[in-house]
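Report on the structure
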Amino acid sequence: MTSSKKLSIGNIVKNYTLEIILVALAIILTFVTPHFLTLNNLMNILRNISLQGVVAFGMTIVIVCGELDLSLSSSIALTGVLIGLIGGKLDAAGIMPLQYGVLVGIAAAFVVCTCVGLINGWLITRFRIPAMIVTLAMQNILYGIAAIISNGFPVITFPAWYSFIGSGRIFGIVPVPVIILAVVFAITAFVLSYTKFGRATFACGGNAEAARLSGINVKRTKIISMVIVQLCCVVSGIMLSSQVMSGTFSFARGWEMNAISSVIIGGASIAGGIGKMRGTLLGIIFLGILLNGMTLLNVNDYIQYVVRGCLIIFAVLLSTLKNKK
């Protein structure tokens, strides 16, 4: 009786480690700072994690497939620049008002980033170039393009209604980005867990050669995964540019590492084949609460970088040891 009880407690700790750590962290911050457990602060945490969370969901699919995408920040920045630039140009030329022109800009951003995902996937699968090299090069290319077309200045041609996407609140309480985060989570979780493509993604990440011999089109699966994460970048870019009502080529720098951190902390294997969207969501929330707590406690920004870096190493180490077992 006692051993079975110990076994069940051990299983609970093993299966819900991140949840237990999250609850413990929230309890500690509640006692340490009175500003943590307030409705306004909790909504701010959710709003702040939404922009990077959407990208992390796309990154989960890519990592499960056994790849990486380091071009995310530039895709997000390029999205904001394209939307503002195209909307402003159409309005200035008298073709259509700014309030409708940004919709054309949004459509253009989806098309451009879809092409970026296709190019990334094609180079990786056709020429077997490591994904890290391809996407790192693409990061620089997109960064340069965004800087060139914006002349290095922020693009601020956005209509008033556009700010609602990034700064609006439903019923005056729930931020719109949180709703978008929930919708993207539901879609990506369904795709990864309940579709043929999702099963193929796990197979490709676990053993690409075995997946190919089983009749799975490995190249197509990897290309689609690279496109999906780019589409998530567009959604994040829309929210970011809407929140600040500006599109700048330097936006979102370093978000790739935050996305990867969330995925790995959530239990995914960096080698591929293992991962859950629910785990990524918990990883995003964990990072959001941790960073918010350090901000409330006035922890130095540089120390926050050190803490995040240590967390990534710890999460990867934990994931590696777990997978070996």
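Higher on the page you've got the structure.
Residues numbered from 1 in each chain as written. Predicted model: local features only at pLDDT ≥ 70, side-chain atom pairs only at ≥ 80, totals over all residues. Heavy atoms only, no water.

Comments concerning the overall build of the protein chain
Within the protein chain, the secondary structure is distributed over 14 helices and 2 strands. Its C-alpha atoms give the protein chain a radius of gyration of 21 Å, near enough to 20 Å, the size a compact globule of 325 residues would have. Taken over the C-alpha atoms alone, the protein chain extends approximately 80 × 55 × 35 Å along its principal axes. Looking at the protein chain as a whole, 47% of its 325 residues are labelled buried. For the protein chain, the proportion of contacts with a sequence separation of at least 24, taken over those separated by at least 6, is 77%. Of the roughly 16,100 Å² that the protein chain leaves accessible, carbon and sulfur atoms contribute 70%. With 21 positive and 7 negative side-chain charges, the protein chain shows a separation of 11 Å between the mean positions of the two kinds. (Helix = DSSP H or I, 4+ residues; strand = E, 2+ residues; numbered from the N terminus. Rg over C-alpha atoms; globule rule 2.2 N^0.38 Å. Buried < 20%, exposed > 50% of the residue type's maximum accessible area, 1.4 Å probe, protein only. Contact = heavy atoms within 4.5 Å. Areas by Shrake-Rupley, 256 points an atom, 1.4 Å probe, with all protein chains shown as cover. Lys, Arg positive; Asp, Glu negative; His and termini not counted. Charge placed at Lys NZ, Arg CZ, Asp CG, Glu CD.)

Examining the nonpolar core
Met59, Ile83 and Phe286 are the most contacted members of the largest nonpolar core, which totals 65 residues. Counting residues per element, this core draws most heavily on helix 3 (residues 39-64), at 12 residues. For isoleucine 83, the residues in contact, after removing those within four places along its chain, are Val102, Gly105, Ile106, Ala109, Phe158, Tyr162 and Ile238. Counting residues in each nonpolar core, the second largest holds 9 residues, with Met138, Leu142, Val155 and Phe249 among its members. (Core = buried A, V, L, I, M, F, W, Y, C linked by side-chain atoms within 4.5 Å.)

Concerning the side chain of glutamate 67
Locating glutamate 67 in the fold gives a position in the loop between helix 3 and helix 4 (72-92). Residue class for glutamate 67 comes out buried when judged on its relative accessible area of 14%. Engagement of the side chain of glutamate 67 in a polar contact is seen with the side chain of lysine 222, the distance being 2.8 Å. (Polar contact = N/O pair within 3.5 Å; in protein donor to acceptor, adjacent residues only side chain to side chain.)

Focus: unusual backbone geometry
Phi at arginine 128 takes a positive value of approximately 55°, unusual for a residue other than glycine. Among the secondary structure elements, arginine 128 is positioned in the loop between helix 5 (98-127) and helix 6 (131-149). Residue alanine 252 is not a glycine yet carries a positive backbone phi of 65°. Following the sequence through the fold, alanine 252 ends up in the loop between helix 11 (218-244) and helix 12 (255-265).

Side note on the state of the cysteines
A complete count under the given rule lists 0 disulfides for this structure. Summary of cysteine pairing: cysteine 65 is not part of a disulfide, and the nearest cysteine sulfur, belonging to cysteine 204, is at 4.9 Å. Residue classification places cysteine 65 among the buried residues on the basis of a relative accessible area of 0%. Taking relative accessible area as the criterion, cysteine 204 reaches 4% and is therefore assigned buried. (Disulfide = S-S within 2.5 Å.)

As for the pattern of salt bridges
On inspection of all chains with the given rule, the structure shows 3 salt bridges. A salt bridge links glutamate 67 to lysine 222, with the shortest nitrogen-to-oxygen separation between them at 2.8 Å. Residue glutamate 67 is located in the loop between helix 3 and helix 4, and its partner lysine 222 is located in helix 11; the two are separated by 155 residues in the primary sequence. In terms of burial, glutamate 67 and lysine 222 fall into one category: buried. The residue arginine 212 makes a salt bridge to glutamate 209 at a minimum N-O spacing of 2.5 Å. Of the two residues, arginine 212 and glutamate 209 are both situated in helix 10 (residues 208-213); the distance of 3 residues between them amounts to about one turn of the helix. With a relative accessible area of 47%, arginine 212 lands in the partly exposed category. (Salt bridge = Lys/Arg side-chain N within 4 Å of Asp/Glu carboxyl O.)

Considerations on the packing of aromatic side chains
Inspection of the entire model under this criterion finds 6 aromatic pairs. With a centroid separation of 5.0 Å and 20° between ring planes, the pair formed by phenylalanine 158 and tyrosine 162 is classed as stacked. One exposure class covers both phenylalanine 158 and tyrosine 162, and it is buried. An aromatic cluster is built from Phe158, Trp161 and Tyr162, whose rings are joined through pairwise contacts. The ring of phenylalanine 127 carries the charged tip of arginine 126 above its face, separated from the ring centre by 5.2 Å. (Phe/Tyr/Trp six-rings, centres within 6.5 Å; stacked < 30°, edge-to-face > 60°. Lys NZ or Arg CZ within 6 Å of the ring centre and 35° of its normal.)

Focus on helix 6
Between the first and last C-alpha of helix 6 there are 27 Å, a value that for 19 residues agrees with the 27 Å anticipated at 1.5 Å per step. The set of residues buried in helix 6 consists of Ala131, Val134, Thr135, Met138, Gln139, Leu142 and Ala146. Taken around the axis of helix 6, the buried residues stretch over an arc of 140°, which confines them to a single face. Among the structural elements, helix 4, helix 5, helix 11 and helix 12 are those in contact with the buried residues of helix 6. Positive backbone phi, at 60°, marks asparagine 151, one or two positions downstream of helix 6. (Expected span 1.5 Å × (residues − 1). Arc of directions from axis to C-beta.)

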